[in-house]
Amino acid sequence: MKNFVAYNPTSVYFGKGVVNQLGEVVSKLGLKVLLIYGKGSIKKNGVYNDIQSQLKQINAKVWEYEGIKSNPIVEDVDAAAKMGIENQIDVIIAAGGGSVIDSAKIIAVCIANKSKGWDVMKNKITISGAIPLIGILTLAATGTEMNPVAVVQNHETEEKIGFGHPSMFPKHSFLDPQYTASVPANYTSYGIVDLIAHSLENYFGDGDATLTDRFVGAIIQEAIEYGPKLMNDLTNYEYRSKIMWAATNALNGVTGNGRVTGDWGVHGLGHVLSLLYDVPHGASLSIIYPAWLKFHLPLIPERIALLGKYVFNINSPEETITRFELLFKQLGSPVRLSELKIPNINNEEIIRVWIKNKAQGAYFKFKPEDYTTLLQAFE
Ligand code: NZQ
Ligand code: ZN
């Protein structure tokens, strides 16, 4: 096992009605609140009203930044940070999925350090801290609710990158599975794919961590058991709960402890598809993961076979890859780029940006010619 530090300071409030405790939690952090959200889903499903009624009870003063887009952009980060700095806000509440909470993490750092979003993302400033962030999660997928990482796009520099810092753990996260009942089928399946992919990215990292391998197997088994059931019954509270907690645990340290790093090569490749064609994050992963596994089969057959043993109780690495591809299909997520019917898709452009961004894993590296092989395997 490699040396590691296990640290997670986020308190998670999980279950039906937990937002009833929001007012009390906010009041301990300050009464000038910046509420950040996306393009309106929280106004349709009641989440916005629940938050506002909690804030009203404590007489909080609330500023709102609305309109964070899926696959979030740095321009929104800077505009929201400006609002926060000008009004000297005490605390951020981010209500939404990964895009909203990720943006809010960088906004929290920008406000505390009076810095620009892209300088934070590119690790150009010394971070002295962040203002407290409370996440109200409405989509089970990324694990951002209990980790210190944010992923943001910059179209000017042609990058979609991740950045992490210990000050970026949400201070509190509220996870009410009821709030995810309104997530449409497509994003529900992308979220399940994402949690599986986070388990895999960690599994294929560097380091012998047998207990962590078993946790990976258990989390993916949870997704296999309850994912398809949820896809057939989207408002089922129990299935929503199982998937929500699995997604949190897939990327809060549990799947990584004992390894130096995960791999994250599939994420790197997928981020370029999101940057260029706005491909939803989870969809990029179900498209690329089977191709990545086929590509690495000759190099690490035993490691893939062990994964098959933990997840499917089978011994064949080839069959393991087939089963993952079938699982993604069964969940309703694409496994070929062509399924997305993107007009004017440009393979040369994809490969150019992959090479420019050095899209590869922390553990498994690609040579320039590998990109063509990979793309041909999933186009
Ligand atoms: O804009 P709104 O109205 O919020 O609508 C969103 C958006 O259209 C909608 N939605 C969210 N909750 C809903 C809902 N619709 C109905 N009912 C609800 N309860 O779903 C759409 C997608 O939302 P988004 O936040 O983009 O999805 P997700 O949670 O999958 O986040 C994706 C982003 O997270 C990054 C991805 O790269 C991507 O940018 N990731 C962040 C990670 C992290 N911080 O650790 C790790 C991940 O690997 C990932 O890279
Ligand atoms: Zn992901």
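About the cut-offs
Residues numbered from 1 in each chain as written. Chains lettered and ligands numbered in written order. Predicted model: local features only at pLDDT ≥ 70, side-chain atom pairs only at ≥ 80, totals over all residues. Heavy atoms only, no water. Donors = N, O, S within 2.8 Å, 3.2 Å for Na, K, Ca; no water. Helix = DSSP H or I, 4+ residues; strand = E, 2+ residues; numbered from the N terminus. Buried < 20%, exposed > 50% of the residue type's maximum accessible area, 1.4 Å probe, protein only. Near = heavy atom within 4 Å. Polar contact = N/O pair within 3.5 Å; in protein donor to acceptor, adjacent residues only side chain to side chain. Areas by Shrake-Rupley, 256 points an atom, 1.4 Å probe, with all protein chains shown as cover. Nonpolar A, V, L, I, M, F, W, Y, C, P; charged D, E, K, R; others polar. Domains from an automatic or database assignment. Contact = heavy atoms within 4.5 Å. Buried area = accessible area lost by both parts, 1.4 Å probe. Salt bridge = Lys/Arg side-chain N within 4 Å of Asp/Glu carboxyl O. Lys, Arg positive; Asp, Glu negative; His and termini not counted. Core = buried A, V, L, I, M, F, W, Y, C linked by side-chain atoms within 4.5 Å. Phe/Tyr/Trp six-rings, centres within 6.5 Å; stacked < 30°, edge-to-face > 60°.

1. Brief notes about the coordination of the zinc ion (ligand 2)
And then number 1: Protein-derived ligands of the zinc ion (ligand 2) are D194 (OD), H198 (NE2), H267 (NE2) and H281 (NE2), with the metal-ligand distances lying across 2.0 to 2.1 Å.
And then number 2: Considered as a linear motif, the donors of the zinc ion (ligand 2) on their single chain read D-x3-H-x68-H-x13-H. Remark: H281 occurs in helix α11 (residues 281–296) and D194 occurs in helix α7 (residues 185–203); sequence separation between them is 87 residues. Like H281, D194 is buried.

2. Re the site of ligand 1
And then number 1: In the vicinity of ligand 1 lie 32 residues, with K39, S70, G98, S99 and H198 positioned nearest.
And then number 2: Contact between ligand 1 and T138: a nitrogen atom at 2.8 Å from a side-chain N or O atom of the residue.
And then number 3: When the free accessible area of ligand 1 is taken as 960 Å², the share hidden by the protein chains comes to 90%.
And then number 4: Broken down by secondary-structure element, the contributors of at least two residues to the shell around ligand 1 are α5 (98–113), β6 (149–154), α7 and α10 (265–277).
And then number 5: Of the residues that constitute the shell around ligand 1, the class distribution is 10 nonpolar, 18 polar and four charged.
And then number 6: When residues of the shell around ligand 1 are assigned to domains, at least three fall in each of domain 1 (11–180) and domain 2 (185–378).

3. Some thoughts on the domain arrangement of the chain
And then number 1: For the chain, the assigned domains are domain 1 (11–180) and domain 2 (185–378).
And then number 2: Domain 1 and domain 2 are separated by 26 Å when their C-alpha centres are compared.
And then number 3: Each partner contributes residues to the interface: domain 1 has 29 residues there, and domain 2 has 27 residues.
And then number 4: Of the roughly 2300 Å² buried where domain 1 meets domain 2, counting both sides, 58% is carbon and sulfur surface.
And then number 5: Contact with domain 2 buries area across many residues of domain 1, yet A141, E158 and K160 alone supply 25% of it, more than any other trio.

4. Re the pattern of salt bridges
And then number 1: A full pass over the atoms with the stated rule returns 13 salt bridges.
And then number 2: As a salt-bridge pair, K69 and D278 come within 3.2 Å of each other at their nearest N and O atoms. Pair noted here: K69 is in the loop between β3 (61–65) and α4 (74–86) and D278 is in the loop between α10 and α11, with a separation of 209 residues, a long-range link.
And then number 3: Its relative accessible area of 19% is what places K69 among the buried residues.
And then number 4: Here R336 ties to E325 by a salt bridge, and the two come within 3.2 Å at their closest N and O atoms.

5. Observations concerning the side chain of D102
And then number 1: Following the sequence through the fold, D102 ends up in helix α5.
And then number 2: Put simply, D102 is tucked away with no salt bridge, and the nearest opposite charge, on K105, sits 4.4 Å away.
And then number 3: Side chain to side chain, D102 and T144 meet in a polar contact 2.6 Å long.

6. Section: unusual backbone geometry
And then number 1: Of note, the phi angle at N123 is positive, near 60°, even though the residue is not glycine.
And then number 2: Residue position: N123 is located in the loop between α6 (117–121) and β5 (133–137).
And then number 3: Judged by relative accessible area, which is 54%, N123 ranks as exposed.
And then number 4: With phi around 60°, E158 is a residue other than glycine that occupies positive phi space.
And then number 5: Within the secondary structure, E158 sits in the loop between β6 and β7 (159–164).

7. Describing the nonpolar core
And then number 1: Membership of the largest hydrophobic core comes to 97 residues, with the highest contact counts inside it found for I92, I106, I196, F204, F324 and W354.
And then number 2: Here the element with the most residues in this core is α5; it accounts for nine residues.
And then number 3: The two domains that each donate at least three residues to this core are domain 1 (11–180) and domain 2 (185–378).
And then number 4: With residues near it in sequence (within four places) discarded, F324 still touches I196, L200, I220, L293, L307, V311 and F312.
And then number 5: The next biggest cluster of nonpolar side chains, apart from the first, holds 23 residues, and it includes V19, Y48, I93 and I134.

8. Examining the packing of aromatic side chains
And then number 1: Overall, the coordinates contain 17 aromatic pairs when judged by the stated rule.
And then number 2: Considering the side-chain rings of F14 and W245, the 5.6 Å spacing of their centres and the 65° angle between planes classify their relative orientation as edge-to-face. Here W245 lies in helix α9 (residues 237–250) and F14 lies in strand β1 (residues 11–14), a separation of 231 residues in the sequence.
And then number 3: According to the relative accessible area criterion, F14 is partly exposed, its value standing at 33%.
And then number 4: With a centroid separation of 5.1 Å and an interplanar angle of 55°, the aromatic rings of F204 and W292 are classed as tilted. With F204 in the loop between α7 and α8 (210–231) and W292 in helix α11, the pair connects residues that are 88 residues apart, well separated along the chain.
And then number 5: The class of F204 is buried, set by a relative accessible area of 1%.
And then number 6: Put simply, the rings of Y203, F204, Y289, W292, Y363 and F364 touch in pairs and so form one group of aromatic residues.

9. Re the environment of N186
And then number 1: Here N186 shows up in helix α7.
And then number 2: The class of N186 is partly exposed, set by a relative accessible area of 35%.
And then number 3: Between the C-alpha atom of N186 and that of M231, which follows or precedes it by 45 residues, the distance is 9.2 Å.

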